[in-house]
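A structural walkthrough
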Amino acid sequence: SQGVQLVSYLENKIDVVAYDPLISSKNSEISNISSVQDYADQTVLMADTAILTVKHNELLDESIYKDITLIDPWRVFDTGDLHHSVTYRPLGRSR
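Residue indices follow the written sequence of each chain, beginning from 1 at its first position. Only residues with pLDDT of at least 70 get local features here, since the model is predicted, and only at 80 or more are side-chain atom pairs given and counted; chain-wide, interface and lining totals rely on the full set of residues. Computation of side-chain values: all heavy atoms of the structure, hydrogens and water removed.

1. Observations concerning the overall build of the protein chain
Where we set the bar: Numbered from the N terminus, helices here are DSSP runs of H or I no shorter than four residues, and strands are runs of E no shorter than two. Only the protein chains shown count as covering a residue, and every accessible area follows the Shrake-Rupley method with a 1.4 Å probe.
Along its length, the protein chain carries two helices and five strands. Walking the protein chain from its N terminus toward its C terminus, one meets helices and strands in the order α-β-β-α-β-β-β. As presented, the protein chain carries roughly 6500 Å² of accessible surface, and 47% of it is formed by carbon and sulfur atoms.

2. Observations regarding the pairing of strand 4 (residues 69–72)
Keep this limit in mind: Relative accessible area decides the class of each residue, using a 1.4 Å probe on protein chains only: under 20% of the type maximum gives buried, over 50% gives exposed, and in between gives partly exposed. Pairing between two strands requires that DSSP report at least two bridges joining them.
Of the two faces of strand 4, only one is covered, namely that formed by Leu70 and Asp72; the face formed by Thr69 and Ile71 stays uncovered. Strand direction decides the pairing type here: strand 3 (residues 49–51) and strand 4, joined by three bridges, are parallel. Residue pairing in the sheet places Ile51 in a bridge with Ile71 of strand 4. Here strand 4 pairs with strand 5 (residues 87–90) via four bridges, running parallel.

3. Thoughts on a negative patch on the surface
Inclusion rule: For patches, a residue must show more than 30% relative accessible area and have no salt bridge; joins then use 9 Å for like charges and 5 Å for nonpolar side chains, namely Val, Leu, Ile, Met, Phe, Trp and Tyr. Salt bridge, as applied in this entry: a Lys or Arg side-chain nitrogen positioned within 4 Å of an Asp or Glu carboxyl oxygen. We treat Lys and Arg as the positive residues and Asp and Glu as the negative residues; His and chain ends play no part in the count. Lysine's charge is taken at NZ, arginine's at CZ, aspartate's at CG and glutamate's at CD.
Taken together, the side chains of Asp41, Asp61, Glu62, Asp78 and Asp81 present a region of like negative charge at the surface. Relative to the assigned elements, Asp61 resides in the loop between strand 3 and strand 4. When its relative accessible area of 34% is taken as the criterion, Asp61 is described as partly exposed.

4. Re the nonpolar core
Worth spelling out the cut-off: Side-chain atoms within 4.5 Å are what join buried Ala, Val, Leu, Ile, Met, Phe, Trp, Tyr and Cys residues into a set we call a nonpolar core. The criterion used for residue contact is that any of the two residues' heavy atoms lie within 4.5 Å.
If you look at the biggest cluster of nonpolar residues, it comprises 15 residues, and the most contacted ones within it are Leu59, Tyr65, Leu70, Phe77 and Val86. Excluding residues that lie within four positions of it along the chain, Leu59 makes contacts with Tyr19, Ala40, Leu52, Val54, Ile64, Tyr65 and Phe77.

5. What about the packing of aromatic side chains?
Within a pair of aromatic rings, the relevant descriptors are the distance that separates the centres and the angle that separates the planes. Convention followed: For Phe, Tyr and Trp, rings pair up if their centres lie within 6.5 Å, where Trp contributes its six-membered ring, and each pair is then called stacked (planes under 30 degrees apart), edge-to-face (over 60) or tilted (otherwise). Placement of a positive charge over a ring is assigned whenever Lys NZ or Arg CZ falls within 6 Å of the ring centre and within 35 degrees of the normal to the ring plane.
Within this structure, the stated rule accounts for two aromatic pairs. A centroid spacing of 5.6 Å and a plane angle of 70° characterise the contact between Tyr65 and Phe77, whose relative ring orientation is edge-to-face. Residue Tyr65 is located in the loop between strand 3 and strand 4, and its partner Phe77 is located in the loop between strand 4 and strand 5; the two are separated by 12 residues in the primary sequence. Each member of the pair, Tyr65 together with Phe77, is buried. Ring geometry for Phe77 and Tyr88: centres 6.3 Å apart, planes at 80°, overall edge-to-face. Here Tyr88 lies in strand 5 and Phe77 lies in the loop between strand 4 and strand 5, a separation of 11 residues in the sequence. Tyr88 carries the same exposure label as Phe77, and that label is buried. Through a chain of ring-to-ring contacts, three or more aromatic side chains come together here, namely Tyr65, Phe77 and Tyr88. The ring of Tyr9 carries the charged tip of Lys13 above its face, separated from the ring centre by 4.2 Å.

These figures come from the coordinates and say nothing about function on their own.
In C-alpha cells form, the structure reads like this:
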C-alpha cells in the first residue's frame, strides 16, 4: 500500500511511529518499521505530525488529534470539527 511505502521511505530520514489495525505490533509484516502501535490514540500522542493514509474508524475520531499537524489526503475532516491546536492540511483542497 502507499502508506507502507511512505513509512518505509520516511523511516530512512526521521523517526516514524505507525498504526494500522491490520498490522499488529507483535506480528508486524513490515520488519523495517521501528514502531508499530496497537492503538490509534497512543500513536497520535507519540507524534508531532500525522499523515492519514488509511480511513479506519479509529483514525476518523477527531478527538484523538490535539497539538499535532494533520495531513489528510482523504479530506475527511472539517476544520471546525478539530481541536484548535491542530494544524490541518487537507491535500487537494485550497486553503
